[in-house]
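These are the residues of each chain, in order.
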Amino acid sequence: MALRILLLPLLGYRLLAVELTSSNTKPVVQEFQSVELSCIIKSTITPDPRIEWKKIRDGETSYVFFDNKMQGDFATRAEILSRTSLVIKNTTRMDTATYRCEVAAPADTKTIDEINIQLTVQVKPMTPRCTVPKAVPVGKRASLHCHENEGYPKSTYSWYRNSEPLSTDPRSNAKFHNSSYTLNPSTGTLVFHAVHKGDTGRYSCIATNDAGFAKCEEQEMEVYDLNIGGIIGGVLVVLAVLVLITLGICCAYRRGYFANSKESGESYKTPAKPDGVNYIRTDDEGDFRHKSSFVI
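Residues numbered from 1 in each chain as written. Predicted model: local features only at pLDDT ≥ 70, side-chain atom pairs only at ≥ 80, totals over all residues. Heavy atoms only, no water.

### Structural notes on the overall build of the protein chain
Part 1: Of the regular secondary structure elements, the protein chain holds 2 helices and 23 strands.
Part 2: Here the protein chain holds 296 residues, and the buried ones make up 31% of them.
Part 3: Contacts spanning at least 24 positions in sequence make up 59% of the contacts within the protein chain whose residues lie at least 6 apart. (Helix = DSSP H or I, 4+ residues; strand = E, 2+ residues; numbered from the N terminus. Buried < 20%, exposed > 50% of the residue type's maximum accessible area, 1.4 Å probe, protein only. Contact = heavy atoms within 4.5 Å.)

Here it is, written out as structure tokens:
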């Protein structure tokens, strides 16, 4: 022990403190591939330090490697490499998290050290859902939408017309110079403020991120001329029909086709008595009896 104390100035304090390093603290991998989380013991005098790996995601901490065993679902798809590094196989999007490598070295002056590794698992975009109006009149507004929510990192979007890419600024391309649209690559929204005949075509959208891309099927958008003359003519025809119907109803009233034929109680007359028949009412019977009188 005395010899160890005498050697401290010569060896330096760091030789008696466990210290960790990593060849890559921010690894990136595509989904379903394998990745190595590098954790290297740079210095220690403890012959058999204790190794632990923890996963931190959404504020929750769980064990990955503890008591010399893999924990949870990592037991079938992870292993320790080169004493301290962690290899994860068949990664999924749920593996995106911060992983902490902790080493305890009781024989060292500084007995514990740790290092954080930020793992990012990239996920390819799914086929985006595209919404394209089928027919729009000239001069009207038209909105086209493209979106998917599976890719990681978040996808960006580009639109195509007849397989030609639409620039974010229509003035930068002579083919779309006459178009008045706004394209948002972050939301996938394409808005034509006032369509014209040249905007007719087959539209498609591609979602892209660092892991790959996906495309929706082409959809046709037709821009047509609005027939103002035809609309006015149709309105006039409807008005003419309504006028004719009104005149017909008025004429029918004047000719008495809709006269009231109901009989009221005041207009009802008692039938006349036949000659030679006298009606006599009795109090007992409460009805009428008749007495015939024949004159010979």
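So, next bit.
### Quick look at the confidence of the model for the protein chain
Part 1: Per-residue confidence for the protein chain averages 84 on the pLDDT scale, and 78% of its residues sit at or above 70.
Part 2: In the predicted structure, residues 1-13 sits below a pLDDT of 50 and forms 7 contacts with residues beyond four places in sequence or in another chain.
Part 3: Counting contacts from residues 261-268, a segment whose pLDDT is below 50, to residues more than four positions away or on other chains yields 0 contacts. (pLDDT = per-residue confidence, 0-100.)

### With respect to unusual backbone geometry
Part 1: With omega at 0°, the peptide bond leading from Y152 into P153 counts as cis.
Part 2: Of note, P153 is situated in the loop between β14 (142-147) and β15 (156-161).
Part 3: In the Ramachandran plot, D58 falls in the positive-phi region, its phi being about 55° despite a non-glycine side chain.
Part 4: Looking at the element boundaries, D58 is found in the loop between β5 (50-57) and β6 (60-66).

### A look at the nonpolar core
Part 1: L37, W53, L86, I88, Y99 and L119 are the most contacted members of the largest nonpolar core, which totals 25 residues.
Part 2: Listing elements by their share of this core, those giving two or more residues are β3 (35-37), β5, β6, β9 (85-88), β10 (97-104) and β11 (112-122).
Part 3: The residues contacting L119, other than those within four sequence positions of it, are P27, V29, V35, L37, I88, D95, T96, A97 and Y99. (Core = buried A, V, L, I, M, F, W, Y, C linked by side-chain atoms within 4.5 Å.)

### What about the state of the cysteines?
Working definition of a disulfide: a covalent bond connecting the sulfur atoms of two cysteines.
Part 1: Counting across every chain of the model gives 3 disulfides.
Part 2: Here C130 pairs with C216 through a disulfide, and the sulfurs are 2.0 Å apart. Residues C130 and C216 are joined by a disulfide whose S-S torsion is about -100°; by sign, that bridge is left-handed. Placement of C130 in strand β12 (residues 129-131) and of C216 in the loop between β20 (212-215) and β21 (219-224) is noted, with a sequence separation of 86 residues between them.
Part 3: Residue classification places C216 among the buried positions, given a relative accessible area of 5%. (Disulfide = S-S within 2.5 Å.)

### Some remarks on the sheet that holds β9
Pairing between the strands of a sheet comes from backbone hydrogen bonds, and it takes one of two forms, parallel or antiparallel.
Part 1: With antiparallel pairing, 3 strands are arranged side by side in an open sheet as β3-β9-β8. Looking along the sheet, the strands with just one partner apiece sit at the ends: β3 and β8 (78-81). Averaged over all neighbouring strand pairs, the angle between strand axes comes to 25°, with direction disregarded.
Part 2: The pairing of β8 with β9 spans 4 bridges and is antiparallel. The partner of I80 across the bridge, within β9, is L86. (Pairing = 2+ DSSP bridges. Axes fitted to C-alpha atoms, helices over the stretch in contact; angles between N-to-C directions.)

### Quick word on the pattern of salt bridges
Part 1: Taken as a whole and assessed by the stated rule, the structure comprises 11 salt bridges.
Part 2: The partner of R93 in a salt bridge is E150, and the shortest N-O contact between them spans 2.9 Å. Highlighted residues: R93 in the loop between β9 and β10 and E150 in the loop between β14 and β15, separated in sequence by 57 residues.
Part 3: With a relative accessible area of 31%, R93 lands in the partly exposed category.
Part 4: A single network of salt bridges, built from pairs that share partners, joins E31, R93 and E150. (Salt bridge = Lys/Arg side-chain N within 4 Å of Asp/Glu carboxyl O.)

### Comments concerning the sheet that holds β11
Part 1: Taken in spatial order, the 6 strands make up an open sheet running β2-β11-β10-β5-β6-β7, and their pairing is mixed. The open sheet is flanked by β2 (28-30) and β7 (69-70), the only strands paired with a single partner.
Part 2: Bridge count between β10 and β11: 8 bridges; the pairing is antiparallel. Directly across from A104, in β11, lies its bridge partner I112.

### Some remarks on the packing of aromatic side chains
Part 1: Under the counting rule described, the total for this entry stands at 3 aromatic pairs.
Part 2: With a centroid separation of 6.0 Å and an interplanar angle of 80°, the aromatic rings of F192 and Y203 are classed as edge-to-face. Within this pair, whereas F192 is found in strand β18 (residues 189-192), its partner Y203 is found in strand β19 (residues 201-209), the two being separated by 11 residues in sequence.
Part 3: A residue is classified by how much of its surface remains accessible, and F192, at 0% relative accessible area, is buried.
Part 4: Here Y203 falls in the buried class, since its relative accessible area comes to 1%.
Part 5: Chaining the aromatic ring pairs together yields one cluster made of Y181, F192 and Y203. (Phe/Tyr/Trp six-rings, centres within 6.5 Å; stacked < 30°, edge-to-face > 60°.)

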